[in-house]
Amino acid sequence: MAWCAIENRYGDDKVSSACGLFGYMDTSGALHAGTRIIDAICNMQERGNGLGSGYAAYGLYPEFSEHYAFHVMCRDDAARQELDGYLRRHFAVVHDEPIPHRHVQGILDPPVVWRYFLLPLSAQMVGRSEQDYIVHQVMTINATESAFVVSSGKNMGIFKGVGHPEQIAEFYQVQDYAGYLWTAHNRFPTNTPGWWGGAHPFGLLDWSVVHNGEISSYGINRRYIEMHGYRCTMRTDTEVIAYAADLVMRRHGLSAEMGSAVFAPPLWSEINALPAGEQRAMRLIRQTYGQLLMNGPFAIIVARNGEMLGLCDRIHLRPMVAAIKDSVLYVSSERAAIHLVEPQPDQTWTPLGGEPVIARLGERPRVSGSAALCVTATDKEPSYA
Amino acid sequence: MKRIVIHEEHCIGCRLCEVHCLVQHSRSRDIIKAFRTERDTVLPRVHVEESGPISFALQCRQCVEPVCIEACISGAMHRDEITGAVVCDEAKCVGCWMCIMVCPAGSIQQNMTGGGASGRHIASKCDLCYGAEVPACVANCPNEALTYEEVPEAAPQE
Amino acid sequence: MPEQRLTDTVLTAPEGVHVVEQVVLESRGVPYRELNARIHGLVEEGVSAIRLNGLIGQRYIGTNLRHPVHLTIDGVPGNDLGAFMDGPTIEVLGSAQDGCGNTMNGGAIIIHGSAGDIIGHSMRGGEIYVRDSVGYRVGIHMKEYESMRPVIVIGGTAQHFLGEYMAGGILIVLGTNLGSGVAHPSHYVGTGMHGGAIYLRGRVDTNLVGKEVGQMPLGPEDHLILQRYVGEYCRYFRADAEALLRGPFTKLAPLTKRPYGRLYAY
Amino acid sequence: MQPLTHRGRLFACQSIRDVGDKMVLSLASAPAFIVERDETRCIACQVCVRQCANDVHYYDEVDGSVRSHDAQCVGCHRCVTLCPTHALTVRTNPLEFRPHANWTGEALRNIYKQAETGGMLLTGMGCDQPFRIYWDHMVLNASQVTNPSIDPMREPMELVTYLGAKPERLEFRPEMVSAGEDGERPSGSCMALTTEASPQLELQVPIMFSAMSYGSISLNAVLSLARAAEAAGTYYNTGEGGLHQALYPYGAHTIAQVASGRFGVHPQYLDTAAALEIKIGQGAKPGIGGHLPGEKVDLDVSRTRMIPAGSDALSPAPHHDIYSIEDLRQLIYALKEATGYRKPVSVKVAAVHNIAPIASGIVRAGADIVAIDGLRGGTGAAPTMIRNNVGIPIELALAAVDQRLREEGIRHRASLVVGGSVRNSADIVKAIALGADAVYIATSALVAMGCHLCQRCYTGKCNWGIATQDPYLTKRLNPDMGARRLTNLLRAWSLEIKEMMGGMGINSVESLRGNRDHLRGVGLNQVELDALGIKSAGF
Amino acid sequence: MENTRSVQTPALDQTPRIVIVGNSATAVGAVEALRKVDQSAEVTVISAEPHMIYSRPMLSHYLAGEIERPRLAYRGADFYARHNVRPVLDDAVVRIDPQAHSVTTASGQTFGWDKLLIATGGSPIIPPLPGLDVEGVYAFTRLDDALAILEYARKREARHAVVIGGGMIGIKATDALLKRGLRISMVELAPAILARSLDEVASRMMSNLLVDAGVEVLLENTVTEVRSSEGRLTGVVLRDGRQIACDLLVFGIGVRPNAGLAREAGLKVNQGIVVDHAMRTSHEGIYAAGDVAEAYDLVVDMNRIVAIWPNAYRQGATAGAHMVGVERVDPGGVAMNTVEVCGVPAISVGNGNAPEEGHQVLAECDERAHRYKRMVLRDGRLVGVILVGDINRAGVYTGLIRNRIDVSGCEDALLNERISLLSLPDQYRKHVVTGAGIEV
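Residue positions are counted from 1 within each chain, in the order its sequence is given. Chains and ligands are labelled sequentially in the order written, the chains with letters from A and the ligands with numbers from 1. Per-residue local features are limited, in this predicted model, to residues with pLDDT of at least 70; the limit for side-chain atom pairs, both in listing and counting, is 80 or more; totals at the level of whole chains, interfaces and linings are taken over all residues. Side-chain numbers come from the whole structure's heavy atoms, not from hydrogens or water.

Chemist: I tried to follow the environment of Asn 416 of chain E on my own but got confused; where do I start?
Modeler: Residues and elements named next belong to chain E. Here a strand is any run of E in DSSP of at least two residues, a helix any run of H or I of at least four, and the numbering for each starts at the N terminus. As for its position among the elements, Asn 416 is in the loop between helix 10 (411-414) and helix 11 (426-434). Judged by relative accessible area, which is 36%, Asn 416 ranks as partly exposed. Taking the C-alpha atoms as reference points, Asn 416 and Glu 364, separated by 52 residues in sequence, lie 9.7 Å from one another. Among all residues touching Asn 416, those that are not within four sequence positions of it are Lys 373 and Tyr 397. Using a 1.4 Å probe on the protein chains alone, a residue whose accessible area is under 20% of its type maximum counts as buried, one over 50% counts as exposed, and one in between counts as partly exposed. Residue contacts follow a heavy-atom distance rule, with two residues in contact if any of their heavy atoms lie within 4.5 Å.

Put into structure tokens, the structure is as follows:
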């Protein structure tokens, strides 16, 4: 069991990690094979140390688009059997199968990986919304030591584990999947030998989060999230970001722009310079959601069905580059990774700290915030043909 | 020019201004020596006026048209060209007490020992601690009841 | 909320107030915050008399008013009627609950019925008239300051701790509901009292009076006080002033301004 | 200098002979301190004589020297501080009883004193008993390698704090935008706020001056606090002393207290203050009332409290309109009504055993701010036994309350302000990390103004001009200097807080607040760690 | 005469000419005041004396041997140069021509002026006694007098002097000669010494001090004849017939204003030249100040000569400023003087010796300690004070007199050992404490 841990064996408050991340979304909805994202994330190999990587894709299961797709890992077959029973008691299981995978040099003793397509049993929901029910069940399962729900959204899935990105891609055969939105992560944890559940992307419902950095406000972010009924079992910033996004952008209904203002709000001095109406709103956002302010270095890509948000902390302690090519928006830790997969972007820019980069299905991607105001500062890329 | 401004409501009547004025004008400038060995030859040039809880430390008000200069028969009392302060040139003073007779603030005193050995009678008054950035009484007031401020020249009082 | 404006004569317009218009507010079911805001708005408009119909438990009526407006309440006002009040006259056509005139600074409260506990708590100015009886701790920690001298007149009797901690002001209890020769039933009258005066019409059992308080003979000044405020009481409630003033009255006043002088070891 | 032949002041003086005349069985009157005068340095300038309100020093005209009545010394250091030749020092009287771990000298002296007087023991300032100070058993975190510390000298570091109820969530109405042929659709990026905000106090530093009434402290002391609060962008608290005319200009930085005595509470008072605070209890004396003796109620105090001069100002133990939690709600809303819902209402309680549910009740009663005062808090006079034995340390109370409010999902409904011996900026950082929105400081503020904690506030002879109304003494605190020293203190602490936050990689105080991950316990047992909700250092 | 009018108001581009007749405190006051605001005026100081500016009141200190001659200089040797003044010394003005706007000196020089300040001071009163014209008889007002006395006393080893006059000059001469070791007989016509300044008590105290020091004080007496032998003084004969052998006779009776020139020029002159609050005489363009002027005395509320040094300087300053266009009003003088006998100082300000009738008099006396205070009040205001012994706060009283402060209610404080400003009316205290308009 030493190698194939799926639970956080140290119980550390927080698992620090430095990382590379990459995400792109075709807002036209066109599907892309996993090859490009594998190339992109593998190009940032220096940013990881082989202790975790993963991929999230949306538009993955059109045939089951109305069902919750659970990607699960189990310690062993017995655990998988136990989980199977649990899921069938709480859900209507429409379909299940092992996630196709192959043995890879260097990946020893992997967990049992499986996927279920489910619908909640309404009788069991007792007053909870469908989504809250899913959240509750995922948390219950993830609180055990034997099984772990990697992703639980519709028409999406997360493939992750302990290994270099190319190993994980090969293990899961990621290149064989197609999605309109892909994110990927290459991990460099400092304080744990790495565990399968702790790899990125982190998923809950259809949220997936890849994250680079360490949030100094983690302690209060977590307490705030827990005050709202979430249970943090992973001890990672990424988990907290996913829950925070779920709370603010799903349960409280804030837009991605507002959510960004919650996570990386302007400084008070900047707020004081805003026009009265915006000032009031922004002040109230900080007053209300101050405990969700993500302080310290981070760059994140938060994705859900139809939307991708790239954001880095408000004083830009972590790198992030964005680019647009036609209907596709790219967000990456490094510019080179974008150029590798898209040699001639229309525009490339570095978003300001706290300034969200947002792609939405059906909306042409736009250069964000300050860079949009200052087009001359964005590079028109030379051709590398 | 800078003047010493008196803040009566802050004077606590401790008389440290007197102590430090005396030290400043002693030969040794050493507080213990000044009190132990020079006590009879040097006077503080500031004096705390006290009545019930009210008190304030009074020293020469640096009048715009000083009556002491007007009355001085020896030319000792003069306005220093560098500091602008009204000072008594003790080498010239003959102790006629005309200045004491006219100073409405009563802030000039007889020094009957004239700096000691000579035993001369001289008028003793505040010289704003000649050349000092801040006079000793101001610098040593524990409650900032004296401040040293640039004050606009106003109409003469006398 | 339903609102009706009419020119009406008010039952007891305070002196000097020229009633030009009385606005009637139907208050049943209106939350107090809304109701008070509405009253406040009317007063700001310049309305000088408001009648609240169907009031049923709404709190803090008159609390945020700083004008000599006249409020007539048909119903049962909630707690803290006229708390922190400074100016209005409130007339309750019925009974009131607890905390009337809490920390009141000026104005008047006239209650055509009885009232609950802690009437006039820490009151510093103004007058409260209760036609019938009142509950516990009435006039507790009343104070006076310079020309401000609060007055509470109670027609019936008060329950225990009347005038506790009283530091100033005038508390008059007329005991109209007491049978002849029956003593006032309030216990611990004037406990901790260190200012002001309590006038009880009729007898009080010395055992029931706080040890800091003494029974004093009435002087000419006391009679003037009684004439004035008992007279007011009678004017409001159409009672027989002459009969009430016949007394006999018991005056209670503190024996010392410093009831807790020797508490400490220094 | 004229030899001083008269006393500048006329204090009621108990001379050493008066004491000697009394037959006493005890050492209660033995000097607590010994005044040592270095005769080789003393210049007989008599500054000490003029400065001691306890008449310790006197000038002997016969031999022209200054001497001391040690028995009257309270150890306030006024003379030591002002002596221009540093000829004076004051030390504890080494006189000792036979050692006894149980019957200590203090225990014996207390009994002697009470046997003689029959009165309650009285003292000033907060609890001086050696209870564990949890601040000193918590250590802070700093970033190393895995995330960067921030340099507050160069980068923004935000301490701005808003006190008041916050909405649980914000509601936005999406603005409709044209979607071409499909007509209109809600915009993802343009949204209009529809949530109503509650009134907030804006603090530039998460530090406020806690309640100290004019009467218990001098007007100059209150003025110093008010001016410093204005200069530093924070608030001071009137205590139950009313609002002196001189303080009205600082209304925007005033938290006006409504305590059980309701002294000085009138419409203008409520209108002037920025916020109101209902005082239920205070750390130095939970559960008991206050008592300003009539002799301290001079004309000015009388005007401010709106009571006749010379009369006792008695603050009852409870508010007599609050005998239960729903009564608190009634008073909270009475104040909100009286101020048109424009001002936050705070409720201050002492930290006691079941503080968590009490705080929960206060929040549910509608308080916008809950202020909690711990066992070691207090600046004014308090009965010694109560001061030393009633209440719980603020660290434990704070941890319990913050956790409880979170568990109940109501933490946002009120801000949490804690006091009770916050001695330095690290205490503040720890308090905020435990969950406080801001802290109240009082003793620290007094010390900044000159207090030397001699704990004789109740005598009215404060040599530093703070806890007195004697005009000879009150002028010793120049409010300009007091304000400057307090402003300096806040500035210095702010700098340190920013440095500590920067070290943690945090650039806004919101991210420190309740962030217990940045705390670790040292030398605490598991029960204490659990009560504080922190891990032991090493984990 | 009409055609000279234009000179009085010179056009702006013309440099005004100012002539000051006299070279003492008044002249210095005038020069210093006018040079504060005007650097262009052409200023000429003309003096009959040959000396640089010296201090007349210092002569007694010089006579006593307390100071060397250089210290008599009232201002430095560079005074004229620094103030751009042309000195014309040792050349007395003999004629003032108001019409021609000129003065003429003994040497025949004529100086034109646009403004003229007459500051000729006074001359010692020497009664016409028989036998006066001998060696050993001197006045005591000018440097030349002092030099002559010293020269004579040294040369003749004078041992016994008779001083005529028990006023300020006489006392100062007496005190000075005492310090030179001479035996002295002082002859005063009045029944008391210093009678013009001191009341009976103070006068007696000072007199006793003189007697204790060995001075023979002869009151209600005067010298009627001067005896000499071989042209040298040998003694005097008094009115009562007594004869006193002496080898030095000093007249210290007083001075008479040198108003002759002004009178001759047609200016209005009583005892002295009559001037207004700006020191203007009856003739436009001509000012007078100092011991020669009869100016306003604010205690007696009328014009009179108060021949004291501070007045001379202040009046000179007023005139000087006014001559260059500064509208300055002299507040008026107050008679005051200070004298010291055998180390005991005495100060008299205003009407310190006024009689008790019509005044409120407060007094405190400790003759043994040589301490005395006498306050004279009229209508609640201090109008005079006499201090003997402790004089350290004398100026506070002078201020009260000068500013006509109503001290009703604080009378008790006036006699305090050390009068505190805090015992005076609040407004006045603040006025004094703030000095030049500084807030208290």
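Let's pick the thread back up.
Chemist: Is there a simple way to think about the interface of chain B and chain E in this case?
Modeler: Interface size, as often reported, equals the accessible area lost upon joining of the parts. Taken together, the 51 residues of chain B in the interface contact 50 residues of chain E. Across the chain B/chain E interface, buried area totals approximately 4,000 Å², and carbon plus sulfur atoms make up 54% of it. We define a salt bridge as a side-chain nitrogen of Lys or Arg found within 4 Å of a carboxyl oxygen belonging to Asp or Glu. Summed over the shared surface of chain B and chain E, the result is six salt bridges. In this structure, Arg 393 of chain E and Glu 49 of chain B form a salt bridge, with 2.5 Å as the shortest nitrogen-oxygen distance. In this description, buried area is defined as the sum, over both parts, of the accessible area (probe of 1.4 Å) that is lost when the two are combined.

Chemist: It is not clear to me how the packing of aromatic side chains should be interpreted in this structure. Could you clarify?
Modeler: The relative placement of two aromatic rings is captured by the distance of their centres and the angle of their planes. Two aromatic rings from Phe, Tyr or Trp, using only the six-membered ring of Trp, form a pair when their centres are within 6.5 Å; if the ring planes differ by under 30 degrees the pair is stacked, by over 60 it is edge-to-face, and anything between is tilted. Counted by the stated rule, this structure contains 24 aromatic pairs over all chains. Taking the centre distance of 4.8 Å and the plane angle of 5 degrees together, the rings of Phe 161 of chain C and Tyr 188 of chain C count as stacked. With Phe 161 of chain C in the loop between strand 8 (151-154) and strand 9 (167-173) and Tyr 188 of chain C in the loop between strand 9 and strand 10 (195-201), this residue pair connects regions lying 27 residues apart in the sequence. Taking relative accessible area as the criterion, Phe 161 of chain C reaches 17% and is therefore assigned buried. A network of ring pairs unites the aromatic residues Phe 159, Phe 171, Tyr 172, Tyr 177 and Trp 196 of chain A as a single cluster.

Chemist: Just to check I follow, could you spell out the interface of chain D and chain C for this structure?
Modeler: On the chain C side, the residues contacting the 47 residues of chain D number 42 residues. The junction of chain D with chain C conceals about 3,900 Å² of combined surface from both sides, 57% of it contributed by carbon and sulfur atoms. The largest per-residue losses of area from chain D upon contact with chain C belong to His 320, Gln 330 and Glu 337 of chain D, which jointly make up 17% of the total buried on that side. For the pair chain D and chain C, the number of links is one salt bridge. Arg 66 of chain C serves as the salt-bridge partner of Asp 271 of chain D, at 2.8 Å between the closest nitrogen and oxygen. Here a polar contact is taken to be a pair of N or O atoms separated by no more than 3.5 Å, where protein atoms must pair a possible hydrogen donor with a possible acceptor and residues adjacent in sequence count only if both atoms sit in side chains. Across the chain D-chain C interface, the total number found is 17 residue pairs in polar contact (both at pLDDT 80 or more). Looking at the side of chain D that touches chain C, the elements with two or more residues in it are helix 4 (105-117), helix 6 (267-272), helix 7 (299-305) and helix 8 (325-338) of chain D. Residue contributions to the side of chain D that touches chain C peak at nine residues, all from helix 8 of chain D.

Chemist: I tried to follow the packing of helix 9 (residues 355-364) of chain D against helix 11 (residues 394-407) of chain D on my own but got confused; where do I start?
Modeler: To describe two helices that pack against each other, one gives the angle between their axes and the distance between the axes. Residues and elements named next belong to chain D. For every element, the axis is a line fit to its C-alpha atoms; helices are fit only across the contacting stretch, and the angle between N-to-C directions ranges from 0 to 180 degrees. Look at helix 9 against helix 11: their axes get within 8 Å of each other, and the N-to-C directions meet at 50 degrees. By the angle class used here, helix 9 and helix 11 are oblique. Helix 9 and helix 11 meet at a crossing whose hand is right-handed. For the pair helix 9 and helix 11, contact is made by Ile 355, Ala 356, Pro 357, Ala 359, Ser 360 and Val 363 and by Ala 397, Ala 400, Val 401, Arg 404 and Leu 405, respectively. Any angle that is under 35 degrees is reported as roughly parallel, and any over 145 degrees as roughly antiparallel; angles of 65 to 115 degrees are reported as roughly perpendicular and all others as oblique. Definitions for this section: a left-handed crossing has its near helix turned counterclockwise from the far helix by less than a right angle. A right-handed crossing has that turn clockwise.

Chemist: I tried to follow the sheet that holds strand 12 (residues 216-218) of chain E on my own but got confused; where do I start?
Modeler: Consider a sheet: its strands pair through backbone hydrogen bonds, and that pairing is either parallel or antiparallel. All names here are of chain E. An order of 9-16-10-11-12 is seen for the five strands of this open sheet, with the pairing classed as parallel. A strand with exactly one partner marks an edge of an open sheet, and here the two such strands are strand 9 (137-139) and strand 12. Direction aside, the axes of adjacent strands within the sheet are offset by 20 degrees on average. When DSSP finds two or more bridges between a pair of strands, those strands are recorded as paired. Note: strand 9 against strand 16 (residues 248-251), three bridges, orientation parallel. Opposite Tyr 138, over in strand 16, you have Val 250 as the bridge partner.

Chemist: Sorry, what's going on with the domain arrangement of chain D here?
Modeler: Residues and elements named next belong to chain D. Each domain span listed reflects an automatic or database assignment of domains. Split into domains, chain D comes out as domain 1 (25-119) and domain 2 (204-512). Taking the mean C-alpha position of each, domain 1 and domain 2 sit 33 Å from one another. Facing the 12 residues of domain 1 at the interface are nine residues of domain 2. Taken together, both faces of the contact between domain 1 and domain 2 bury some 1,000 Å²; the carbon and sulfur share is 51%. Taken as a group, Ala 53, Cys 76 and Arg 78 account for 47% of the area that domain 1 buries against domain 2, more than any other trio of residues on that side.

Chemist: Hey, could you run me through helix 15 (residues 479-504) of chain D in this one?
Modeler: All names here are of chain D. A helix's residues, less one, multiplied by 1.5 Å, set its expected span. Between its first and last C-alpha, helix 15 extends 37 Å over 26 residues, near the 38 Å set by a 1.5 Å rise per residue. Its side-chain oxygen at 2.9 Å from the backbone nitrogen of Asp 480, Asn 478 defines the N-terminal cap of helix 15. In the segment just after helix 15, Gly 505 is the residue with positive phi, at about 80 degrees.

Chemist: Any chance you could explain the pattern of salt bridges here in plain terms?
Modeler: Any two side chains of opposite charge can pair, so long as their charged atoms come close to each other. Residue and element names in this part refer to chain A. In total, this model carries 79 salt bridges over all chains according to the counting rule given. The salt bridge involving Arg 360 is made with Glu 307; its shortest N-O contact spans 2.8 Å. Placement of Arg 360 in strand 18 (residues 357-360) and of Glu 307 in strand 14 (residues 307-312) is noted, with a sequence separation of 53 residues between them. Take Arg 360: its relative accessible area is 13%, and that puts it in the buried class. Among the residues examined, Glu 307 registers a relative accessible area of 9% and is labelled buried.

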